[in-house]
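The chain contents come next:
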Amino acid sequence: MPFVDLQSNLPSSSFPEAFLARFCSAAAAALGKPEDRMNVVVHPGLPMLVGGSCSPCVVVSVSAISVTDTAEKNKEHSAKIFGFLTKELGLAEDRIVIQFHELQPHQVGKKGTVMSFL
């Protein structure tokens, strides 16, 4: 059950509902997870600075169980997510930053319990 959180100083008009669906699909494919397990949140219009500049930028946080636990996996995920975002948003790669966080099953709650028991 991956969690993908995108923060940006781009206006909300840059992120229509169709973008959310495409981003969910791209992130699911990158992580090898079904789309119906994805959790995607987009926070547009934030005051942000990346690399010393307030030019248009995106910071993405990807948290997941068992798919973000190695540098090799995250390198592959990163390439796919960067490819999607640069194409969709017209940003250069140096205006995008991605953080990967490995979650353990006991750290994710669902249906009144945690994933360890589901």
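This report concerns the structure included in the present document. (Residues numbered from 1 in each chain as written. Predicted model: local features only at pLDDT ≥ 70, side-chain atom pairs only at ≥ 80, totals over all residues. Heavy atoms only, no water.)

### Here's the deal with the packing of helix 1 (residues 17-31) against helix 2 (residues 71-89)
- At a minimum axis distance of 8 Å, the contact between helix 1 and helix 2 shows a crossing angle of 160°. Of the possible angle classes, the one that applies to helix 1 and helix 2 is roughly antiparallel. Relative to helix 2, the crossing made by helix 1 is right-handed. Contacts between helix 1 and helix 2 involve Phe 19, Arg 22, Phe 23, Ala 26, Ala 30 and Leu 31 on the former and, on the latter, His 77, Lys 80, Ile 81, Phe 84, Leu 85, Glu 88 and Leu 89.
- Here the contact of helix 1 with helix 2 is composed, by residue class, of nine nonpolar, one polar and three charged. (Axes fitted to C-alpha atoms, helices over the stretch in contact; angles between N-to-C directions. Helix = DSSP H or I, 4+ residues; strand = E, 2+ residues; numbered from the N terminus. Parallel < 35°, antiparallel > 145°, perpendicular 65-115°, else oblique. Left-handed = near helix turned anticlockwise from the far one by under 90°. Contact = heavy atoms within 4.5 Å. Nonpolar A, V, L, I, M, F, W, Y, C, P; charged D, E, K, R; others polar.)

### Section: the environment of Leu 20
- Tracing the backbone through its elements, the reader meets Leu 20 in helix 1.
- For Leu 20, a relative accessible area of 32% gives the class partly exposed.
- The spatial distance from the C-alpha of Leu 20 to the C-alpha of Ala 30 is 15 Å, given a sequence separation of 10 residues.
- Setting aside chain neighbours within four positions, we find Leu 20 in contact with Val 40 and Val 42. (Buried < 20%, exposed > 50% of the residue type's maximum accessible area, 1.4 Å probe, protein only.)

### Details of the pattern of salt bridges
- Enumeration over the complete set of coordinates arrives at two salt bridges.
- The salt bridge involving Lys 73 is made with Asp 69; its shortest N-O contact spans 2.8 Å.
- By relative accessible area, Lys 73 is classed as partly exposed at 31%.
- The class of Asp 69 is partly exposed, set by a relative accessible area of 42%. (Salt bridge = Lys/Arg side-chain N within 4 Å of Asp/Glu carboxyl O.)

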